[in-house]
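# Coordinate analysis (summary)
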Amino acid sequence: MSDREELVSDDDEFVRRADPFRRELLAHCYRLLGTVDEAEDLVQETYLRAWRSYSGFEGRSSLRTWLYRIATNACLSALENRGRRPLPSGLTDPARTTNSEVTLRRVDGMWLEPIPDALVAQGTSDAADPAAVVVSRASVRLAFVAALQHLPARQRAVLILRDVLGWRAREVAELLGVTESAVKSVLRRARTQLTQVSTADEELLEPQDPVARTLLEQYVQAFERADVETLTRLLADDAVLEMPPFSTWFAGRRAVADFARSRIFRAPGELWMTPTSANGQPAAAAYKRDLDGDYYAHGVHVLSVTERGIARIVVFLTAEVFPSFGLPARVSAAAISAAARS
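For clarity, every value in this text was computed on a predicted model and none was experimentally measured. (Residues numbered from 1 in each chain as written. Predicted model: local features only at pLDDT ≥ 70, side-chain atom pairs only at ≥ 80, totals over all residues. Heavy atoms only, no water.)

Our focus in this paragraph is a negative patch on the surface. Together, Asp37, Glu40, Asp41 and Glu320 make up a region of like negative charge exposed at the surface. For Asp37, a relative accessible area of 47% puts it in the partly exposed group. (Patch = residues over 30% accessible without salt bridge, like charges linked within 9 Å, V, L, I, M, F, W, Y side chains within 5 Å. Areas by Shrake-Rupley, 256 points an atom, 1.4 Å probe, with all protein chains shown as cover. Salt bridge = Lys/Arg side-chain N within 4 Å of Asp/Glu carboxyl O. Lys, Arg positive; Asp, Glu negative; His and termini not counted. Charge placed at Lys NZ, Arg CZ, Asp CG, Glu CD. Buried < 20%, exposed > 50% of the residue type's maximum accessible area, 1.4 Å probe, protein only.)

Here the structure, examined in full by the defined rule, presents 18 salt bridges. Put simply, Asp163 and Arg191 hold a salt bridge, and the shortest N to O gap is 2.7 Å. Highlighted residues: Asp163 in helix α8 (residues 153-164) and Arg191 in helix α10 (residues 180-197), separated in sequence by 28 residues. With a relative accessible area of 38%, Asp163 lands in the partly exposed category. A residue is classified by how much of its surface remains accessible, and Arg191, at 41% relative accessible area, is partly exposed. (Helix = DSSP H or I, 4+ residues; strand = E, 2+ residues; numbered from the N terminus.)

Turning our attention to the pairing of strand β3 (residues 271-278). Bridge count for β3 against strand β4 (residues 281-289) is eight bridges, and the pairing is antiparallel. Pairing of Thr274 across the sheet is with Ala285, part of β4. With antiparallel pairing between neighbouring strands as the criterion, β3 and β4 make up a hairpin whose turn holds two residues, including Asn279 at a positive phi of roughly 55°. (Pairing = 2+ DSSP bridges.)

The end-to-end C-alpha distance of helix α4 (residues 63-79), which contains 17 residues, comes to 24 Å, matching closely the 24 Å that a straight helix rising 1.5 Å per residue would cover. Counting buried positions along α4 gives 12 out of 17 residues, so the element sits mostly inside the fold. Leu63, Thr65, Trp66, Leu67, Tyr68, Ile70, Ala71, Thr72, Ala74, Cys75, Leu76 and Leu79 are the residues of α4 that are buried. (Expected span 1.5 Å × (residues − 1).)

Our focus in this paragraph is the packing of aromatic side chains. Under the counting rule described, the total for this entry stands at 10 aromatic pairs. With 6.2 Å between their ring centres and 70° between their planes, Phe14 and Tyr47 make a pair best called edge-to-face. Linking Phe14 in helix α1 (residues 3-18) with Tyr47 in helix α3 (residues 36-53), this pair joins segments that are 33 residues apart in sequence. Across this residue pair, the class does not change: Phe14 and Tyr47 are buried. Each ring, one from Phe223 and one from Phe265, has its centre 5.0 Å from the other, and the planes form 85°; the classification is edge-to-face. With a gap of 42 residues between them, Phe223 in helix α11 (residues 210-224) and Phe265 in the loop between α13 (253-264) and β3 connect regions that are remote in the sequence. We note that Phe223, like Phe265, is buried. (Phe/Tyr/Trp six-rings, centres within 6.5 Å; stacked < 30°, edge-to-face > 60°.)

Attention shifts here to the pairing of strand β2 (residues 246-251). Of all six residues that make up β2, five are buried, and the element is covered over most of its length. Alignment of strand β1 (residues 235-243) against β2, held across four bridges, turns out to be antiparallel. By the bridge assignment for β2, Met243 is matched with Phe246. Between β1 and β2, which pair antiparallel in sequence order, lie two residues.

What follows is the structure in C-alpha cells.
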C-alpha cells in the first residue's frame, strides 16, 4: 500500500470510528460551556486535533475516552478567561412588582443558551437504550446546566466526568494531571456547591409524556390567543418566568400571570408558535407578527413541566438561537394560514 493509500485508509477508519460519538461530545461541551455555538466549535476542534494525532493513537484507552480527554481540555482552555453563563434567577431576586411600569433590565452577551434535543437527545453511544436517552436528557436540563455554571471550570469538569459520565477517579486524575485524592476533594466541593444552587427536578416530565404534550399544546394556544386565563390555569403555584437577556424575572403564579397580562399579551394572532423540545424539556419557538403581516423569530420558550402544571418558563428572547433548531427567521402569514387549514 502506498503512503497516500494508507493515509486515506486511516482517514476513513477515523471517521468510521469517531463519528458515532459526535452527539455526546456536543452535549459534554455544552454542559461545560452553556452555549451551543461555542460547543459546536470545540467539538470541531476536538475532531481536528484527534484526526491529526490519530496515527499515533496507541489504544491505551478507548477511542471514546481519548476524544473526551481532548474535548475536555479544549473546553477548559476556552473557559480560562470567560465568565459563567447563568440564568436570571441565578443572579438576582425576583421582581417585586409585575405591573406595566416594571423595569426590565437587559444584559447582553452572558446568558446560558438552550440546546435543541435534535442535536443531543441521543447523546450516548448506546442510543437504542431508552434509559440511556433519559439520563442524557436529564444531564442537559436547564436547571442542571445552570447550576453547573456556578462551579469553577475544573470543578465543573470533574463533576461531569465523575457523576454524569461515570469516569473513575484515576481516569479523571490522568486527564487533569492531578492526584486521585485531589479529584475526590474537588468532587466533594463541587457536589456541595451544586446542592446549594440547584433545584430538584426529579418530578419533571419528559417531552413525550402525554401530560407534558397536552400542557405544551395548551400553552401554545394560550399565547396565540392572548388568553391569560388559560395560561394562569396551566401554571403551578410556584411557577417562575425568566426571559434572558433580561435579568428581571418573576416568581409565583399570580406574578407570572400579571406580567403576561400587562406586558406580553396584546391581541390574538400577534404571536405564532411551533412546538419543539430543548434541554430534554418541552419547548416552543415563538414568532411575532410585524407590520407587514408576516411573523419573525422572537424567542424560544423552554418549559419545566410537572404533574402540578408548568413550574418554570425560560424564554430566550433572541432570534440567534433559531438556526440551531433548524427554524427560519421569518414565516409568512400565508404559510401559517395554509398550515392551519391542513
